[in-house]
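Understanding the architecture of this molecule
Now for the letters of each chain:
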Amino acid sequence: MNFNLTAISYHFVGEPIYPGLHTLPFSDFKSQLRYLQEKYHLIFWDDLKDFVIFKRPLPPDSCILTFDDGTKDHLDIVLPELHFRKIPAIFFVLSRQPEEGVAMVHKVQMLTAQLGEVKFQSTFLEMCDEATKELYFKKEKECLAEYPKSRYDSLKFRTFKRVIGKFMFDEAKPFLDILFQEQIGQEKEWGEKLYLSDKDLEKIKKSGIAIGGHGAEHRWMTSIAMGTVEEEIKKSAERISRFEEKPFVFSYPYGDYDESLFQILEKYNFKAAFTIQEKTNYDNFFALGRFDTNSLPK
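Residues numbered from 1 in each chain as written. Predicted model: local features only at pLDDT ≥ 70, side-chain atom pairs only at ≥ 80, totals over all residues. Heavy atoms only, no water.

**Section: the state of the cysteines**
In the structure shown here, the tally under the stated rule is zero disulfides. Unpaired in this structure, Cys143 has its nearest cysteine sulfur neighbour in Cys128, at a distance of 16 Å. A relative accessible area of 2% places Cys143 in the buried class. (Disulfide = S-S within 2.5 Å. Buried < 20%, exposed > 50% of the residue type's maximum accessible area, 1.4 Å probe, protein only.)

Rendered as structure tokens:
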């Protein structure tokens, strides 16, 4: 069954929670919402869910807005503007409590903001033992040979982020934990500043926004053991089940997925999932694309 749907992917919006983090300026966000309201029929997760389950047709020019990672700006900045404009959306949250600290993806972003790309990479490698360095340079060489250019950062640094996040998560994490504490501060305090609590999610849900799953640790799903994949998806289902009735919706961290994930998602009552492939025509509800906000007019 082929169908069309436009989806938009947002992350940080407004004033950065930590100085130097890349965010979408609030003025640009408002302009994009105006543009999207004029161009599309903005739908609820319930509309998409009814299409998935009951095959009820979507309105022409359907578009759904999504916000990843469950950060505080989505409550403080995004939600009031969506409420004012009567725009529905899905907030994809990590299945972790704020007091659990900072996910590795955000450690990397904050350390980049604090140190800069070159110093962060060199400081990390200086901290590593010889075995970890050897593994890093092996994986870096492999990635550089196949990794496409990015509009966001240099190929060298983008490869650094991919290597430590995708291929060296367990090896890199202890060094990043130390570096974060030295350069940024206590994880627990920053976790509470960064992430939405269950109380926050109750407010968001009452406002009509849907809550979706995004894993627990923001892992690259295709590079970890299937047992770990299942645990990530299970934790997502457990957290969002406090706010949503099944079936649920998922957003793959980094947009990273393959078909082996579909059965696990179904096992935990997920019926749709979003990637970051920029497309609008589909034949599978577990491979829905999304356009990054940087692809939209400002």
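Once you've had a look at it, read on.
**A closer look at the packing of helix H4 (residues 104–115) against helix H8 (residues 169–183)**
For any two helices packed against each other, one specifies the crossing angle of their axes together with the interaxial distance. The interhelical angle for the contact between H4 and H8, taken along N-to-C directions, is 45°, at an axis separation of 10 Å. In this view, H4 runs oblique relative to H8, as classed from their interaxial angle. Note that H4 runs across H8; the crossing there is left-handed. For the pair H4 and H8, contact is made by Met104, Lys107, Val108, Met110, Leu111, Gln114 and Leu115 and by Phe169, Ala172, Lys173, Leu176, Asp177, Leu179, Phe180 and Gln183, respectively. (Axes fitted to C-alpha atoms, helices over the stretch in contact; angles between N-to-C directions. Helix = DSSP H or I, 4+ residues; strand = E, 2+ residues; numbered from the N terminus. Parallel < 35°, antiparallel > 145°, perpendicular 65-115°, else oblique. Left-handed = near helix turned anticlockwise from the far one by under 90°. Contact = heavy atoms within 4.5 Å.)

**Some remarks on the pattern of salt bridges**
Counted by the stated rule, this structure contains 18 salt bridges. Across the salt bridge formed by Lys107 and Asp177, the nearest N and O atoms sit 3.2 Å from each other. With Lys107 in helix H4 and Asp177 in helix H8, this pair connects stretches of sequence that are 70 residues apart. Here Lys107 falls in the buried class, since its relative accessible area comes to 1%. (Salt bridge = Lys/Arg side-chain N within 4 Å of Asp/Glu carboxyl O.)

**A closer look at the packing of aromatic side chains**
The tally for this structure, following the rule as stated, stands at 25 aromatic pairs. Relative to Phe29, the ring of Tyr10 has its centre 5.3 Å away and its plane inclined at 85°; by these criteria the two rings are edge-to-face. Of this pair, Tyr10 sits in strand S2 (residues 6–10) while Phe29 is found in helix H1 (residues 26–39), placing the two residues 19 residues apart along the sequence. In this structure Tyr10 comes out as buried when scored by relative accessible area, which is 0%. (Phe/Tyr/Trp six-rings, centres within 6.5 Å; stacked < 30°, edge-to-face > 60°.)

**A few points about the nonpolar core**
One finds Leu65 and Leu82 to be the most contacted residues of the largest nonpolar core, which totals 44 residues. Each residue touching Leu65, except ones within four places of it in the same chain, is listed here: Ile8, Leu33, Leu36, Leu42, Leu82, Ile87, Pro88, Ala89 and Ile90. Counting 33 residues, the second largest nonpolar core, distinct from the first, contains Cys128, Phe157, Ala172 and Tyr195. (Core = buried A, V, L, I, M, F, W, Y, C linked by side-chain atoms within 4.5 Å.)

**Here's the deal with the pairing of strand S6 (residues 210–213)**
Side chains of S6 alternate between two faces, with Ala210 and Gly212 and Ile211 and Gly213 buried alike. Bridge count for strand S5 (residues 90–93) against S6 is four bridges, and the pairing is parallel. Opposite Ile90, over in S6, you have Ala210 as the bridge partner. (Pairing = 2+ DSSP bridges.)

**As for the pairing of strand S8 (residues 270–274)**
With four of five residues buried, S8 is to be regarded as a mostly interior element. Pairing between strand S7 (residues 248–251) and S8: four bridges, direction parallel. Of the residues in S8, the one forming a bridge with Phe250 is Ala273.

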